[in-house]
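Structural overview
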Amino acid sequence: MSQAQAKQPPALSPVPSPGHSLSLQETLRVMDVAREMRDQREQAEEMFRRDDLRVALREKLMRTARLSGDNVTEAEIDAAIGQYMETLHTYQDPEPGLKRFLAHCWVWRNRIIWSLAGVAGITGGLWYFFG
C-alpha cells in the first residue's frame, strides 16, 4: 500500500437522516404534531397580543380620564375593558323597523324581482287569454 493511500481516511458510509426511514403513518403523525405546535404557538401569541392590547387600552383610557378630569379608578377601567372584550365579537339582531325591512329586501332583491316578474307574466297571460 502506498503512502497516499495510507493517509486517506476511510470512506464514510452515508448516514441516513432520521426522517429517511419513517413510514407514511409516522410521517403524518410528525406533521400533525408540528401543525398542533404551530397552532398552539399562534394561540399563545394571540393571547399575548390581547394582553398588550388591554394594557395599551388601559393606559389610553387612564390618560383620557385624567385629561377630562374624570375620577375613574383602574378597577373600573379594567371592568369596562373586560366587559368590552367579552362582547367584542358577539352578534346582536338589529331592532325591527323600516331599515331592517329594506336591508332584507336588498339582500333578497333578485328573488323578489324574479318573483314579481313571474307574477306579472302570469297575470298578463291570464289577462290576454281570458280578458
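What this report covers is the structure whose coordinates are included nearby. (Residues numbered from 1 in each chain as written. Predicted model: local features only at pLDDT ≥ 70, side-chain atom pairs only at ≥ 80, totals over all residues. Heavy atoms only, no water.)

What the chain contains, in helices and strands, is five helices and zero strands. Shown N-terminal to C-terminal, the secondary structure of the chain runs as helices and strands in the order α-α-α-α-α. For the chain, with 131 residues in total, the buried portion stands at 5%. Carbon and sulfur atoms make up 61% of the accessible area of the chain, which totals about 12700 Å². (Helix = DSSP H or I, 4+ residues; strand = E, 2+ residues; numbered from the N terminus. Buried < 20%, exposed > 50% of the residue type's maximum accessible area, 1.4 Å probe, protein only. Areas by Shrake-Rupley, 256 points an atom, 1.4 Å probe, with all protein chains shown as cover.)

Here we come to the environment of Ile77. Structurally, Ile77 is set in helix 3 (residues 74-86). Counting along the chain gives 18 residues from Ile77 to Glu59, while the straight-line C-alpha distance between them is 9.6 Å. With residues near it in sequence (within four places) discarded, Ile77 still touches Arg58, Leu61, Met62 and Val72. (Contact = heavy atoms within 4.5 Å.)

A separate point is the pattern of salt bridges. Summed over the entire model, instances satisfying the criterion amount to five salt bridges. One salt bridge connects Asp39 with Arg38, and the closest N-O pair in it is separated by 3.6 Å. One salt bridge in this structure joins Arg41 and Glu45, with 3.9 Å as the shortest N-O distance. One end of the pair, Arg41, and the other, Glu45, are both in helix 2 (residues 24-68), four residues apart, so they sit about a helical turn from each other. Taking relative accessible area as the criterion, Arg41 reaches 47% and is therefore assigned partly exposed. A relative accessible area of 38% places Glu45 in the partly exposed class. Where salt bridges share partners, they join Arg38, Asp39 and Glu42 into one cluster. (Salt bridge = Lys/Arg side-chain N within 4 Å of Asp/Glu carboxyl O.)

The values reported here are purely geometric and, on their own, carry no functional implication.
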